[in-house]
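# Topology and contacts: notes
Residues per chain, in single letters:
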Amino acid sequence: MGVDLAVQIGGLSLKNPIMTASGTFGYGEEFSPFVNCADLGAIVVKGISLLPRPGNPPPRIVETQGGMLNAIGLQNGGVERFIQVKIPMLRELKAAVIVNILGDSIDDYAALARRLDPLPEVHGIEVNISCPNVKKGGVAFGTVPEMAARVTRAVKDNTSKPVIIKLSPNVNDITAIALAVEEAGADAVSLINTLIGMAIDVQSRRPKLANIIGGLSGPAIKPVALRMVYQVAQVVGIPVIGIGGINSLNDVLEFLIAGATAVQIGTANFINPGLSGELVQGLEGYLRENDCKLADLVGSLQT
Ligand SMILES: Cc1cc2nc3c(=O)[nH]c(=O)nc-3n(C[C@H](O)[C@H](O)[C@H](O)COP(=O)(O)O)c2cc1C
């Protein structure tokens, strides 16, 4: 008998809980030799802004112990190019597509949600609130509960699609932000985005990234991500999507047991581009061998 891997994320029905993380899987096309995107729960595409963004100057990626730092600067071609060029290609992949959006102001987020709302190829919207609010002196939306709630409301008011708010770990109390966005109507939360870090070349005494600081991702951040997923899942009633250093079936299981309904695979895609597909099969095999239901795993941590 087949194992049921289906999950419900707000109004979004996914065939399984394995998704790919924004910015680590492009728009799916480069990965199609390695994974059938239609077999995944969903693919989350690279962050889209209203207008094109050139990103930061190089070097903007550096390896660190157990992970990597990136300062891509949210480079992307803007929403109109995404709709013209990427949507037709995503239609061919037949994958469930979640579009990650970013803005410099609340109005940007509202306009992006409105623009994407009529597109049938877009199954859900993931909102990156780690960006600085240019109108409010550059404080990231994701660090102040009231601002995070305002972004959530602006997106919800402008779309009928499920809205996932992607939380930043660079805060004192991530549960306060999670509760604020839940109260504002978020259908789910995903966490974590990258942790702010830096690396120095001691020979030149220069930062290894041109931007000086960047976002840390990969196995090094997994314990922090797992802790935050656990804490958030304890306090919210909406589904939690776990992200951060997931590299193996064991990692997936840890996040589910901590309370995640689904997970996203990020940096590990750069090491093994076929990993997300392998994890769908691995999870199915695990549930079959252990005669266990997915729902029995989620939040099953024994303390
Ligand atoms: C090169 C790179 C680009 C990323 N771009 C985005 C992005 O555009 N939007 C976003 O919300 N997160 C972005 N992220 C963050 C990832 O989606 C993910 O939250 C983070 O890397 C932690 O997961 P991981 O350790 O499995 O990579 C990016 C990460 C990397 C490494």
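Residues numbered from 1 in each chain as written. Predicted model: local features only at pLDDT ≥ 70, side-chain atom pairs only at ≥ 80, totals over all residues. Heavy atoms only, no water.

### Quick look at the packing of aromatic side chains
- Taken as a whole and assessed by the stated rule, the structure comprises 3 aromatic pairs.
- Between F25 and F31 the ring centres are 4.1 Å apart and the planes differ by 25°, which places this aromatic pair in the stacked class.
- Ring geometry for Y27 and F82: centres 6.0 Å apart, planes at 40°, overall tilted. Placement of Y27 in the loop between β3 (18–20) and β4 (42–48) and of F82 in helix α1 (residues 79–93) is noted, with a sequence separation of 55 residues between them. Like F82, Y27 is buried. (Phe/Tyr/Trp six-rings, centres within 6.5 Å; stacked < 30°, edge-to-face > 60°. Helix = DSSP H or I, 4+ residues; strand = E, 2+ residues; numbered from the N terminus. Buried < 20%, exposed > 50% of the residue type's maximum accessible area, 1.4 Å probe, protein only.)

### Let's talk about the side chain of K166
- Assignment of secondary structure puts K166 in strand β9 (residues 163–166).
- No salt bridge forms around the buried K166; measuring N to O, its nearest opposite-charge neighbour E126 is 4.2 Å away.
- Apart from the residues within four sequence positions on either side, K166 is in contact with S22, N100, E126, V127, N128, I129, S190, I192, N193 and I243. (Lys, Arg positive; Asp, Glu negative; His and termini not counted. Salt bridge = Lys/Arg side-chain N within 4 Å of Asp/Glu carboxyl O. Contact = heavy atoms within 4.5 Å.)

### Observations regarding the nonpolar core
- Core analysis: the biggest nonpolar cluster contains 93 residues, and F82, V127, L167 and L191 have the highest contact counts within it.
- Ranked by residue count, the leading element in this core is α1, at 7 residues.
- With residues up to four places along the chain from it excluded, the contact list for L191 reads L167, I174, M228, V229, V232, V240, I241, G242 and I243.
- Counting 5 residues, the second largest nonpolar core, distinct from the first, contains V62, L69, A71 and L209. (Core = buried A, V, L, I, M, F, W, Y, C linked by side-chain atoms within 4.5 Å.)

### Quick word on the packing of helix α2 (residues 106–116) against helix α3 (residues 145–156)
- Two elements in contact, α2 and α3, have axes whose closest approach is 8 Å; the angle formed by their N-to-C orientations is 30°. Between α2 and α3, the angle falls in the class roughly parallel. In terms of crossing hand, the pair formed by α2 and α3 is right-handed. Taken together, the residues of α3 that come into contact with α2 (itself represented by I106, Y109, A110 and A113) are M147, R150, V151, A154 and V155.
- Grouping the amino acids of the contact of α2 with α3 by side-chain chemistry returns 8 nonpolar, no polar and 1 charged. (Axes fitted to C-alpha atoms, helices over the stretch in contact; angles between N-to-C directions. Parallel < 35°, antiparallel > 145°, perpendicular 65-115°, else oblique. Left-handed = near helix turned anticlockwise from the far one by under 90°. Nonpolar A, V, L, I, M, F, W, Y, C, P; charged D, E, K, R; others polar.)

### Digging into unusual backbone geometry
- The omega angle of the peptide bond from P58 to P59 is -5°, so this bond is cis rather than trans.
- Take P59: it is sitting in the loop between β4 and β5 (61–64).
- Omega for the peptide link from L191 to I192 comes to 15°, which places this bond in the cis form.
- In this fold, I192 is placed in the loop between β10 (188–191) and β11 (195–198).
- Even without a glycine there, the phi angle at I212 is positive, about 70°.
- Along the chain, the position of I212 falls in the loop between β13 (206–207) and β14 (213–217).
- The phi angle at D291 is positive, at roughly 45°, despite the residue not being glycine.
- Looking at the element boundaries, D291 is found in the loop between α8 (275–289) and α9 (294–297).

### Some details on the site of the ligand
- In the neighbourhood of the ligand, 23 residues make up the surrounding shell, with S22, K166, G218, G245 and T267 lying closest.
- Residue K46 places a side-chain N or O atom 3.1 Å away from an oxygen atom belonging to the ligand.
- A distance of 2.6 Å is found between an oxygen atom of the ligand and a side-chain nitrogen or oxygen belonging to T267.
- Computed on the free molecule, the ligand has an accessible area of 610 Å², of which 97% lies beneath the protein chains in the complex.
- Sorting the residues of the shell around the ligand by element identifies β4 and β6 (67–70) as the ones contributing at least two each.
- Looking at the shell around the ligand, its residues break down into 6 nonpolar, 15 polar and 2 charged. (Near = heavy atom within 4 Å. Polar contact = N/O pair within 3.5 Å; in protein donor to acceptor, adjacent residues only side chain to side chain. Areas by Shrake-Rupley, 256 points an atom, 1.4 Å probe, with all protein chains shown as cover.)

### What about α1?
- K86 marks where α1 bends most, by close to 45°; the proline P88 follows one to four residues later.
- Listed in full, the buried residues belonging to α1 are V79, F82, I83, K86, I87, M89, L90 and L93.
- Where α1 ends, the next residue or the one after it, K94, has phi of about 60°, a positive value. (Bend = angle between axes of the 7 residues up to and from the residue.)

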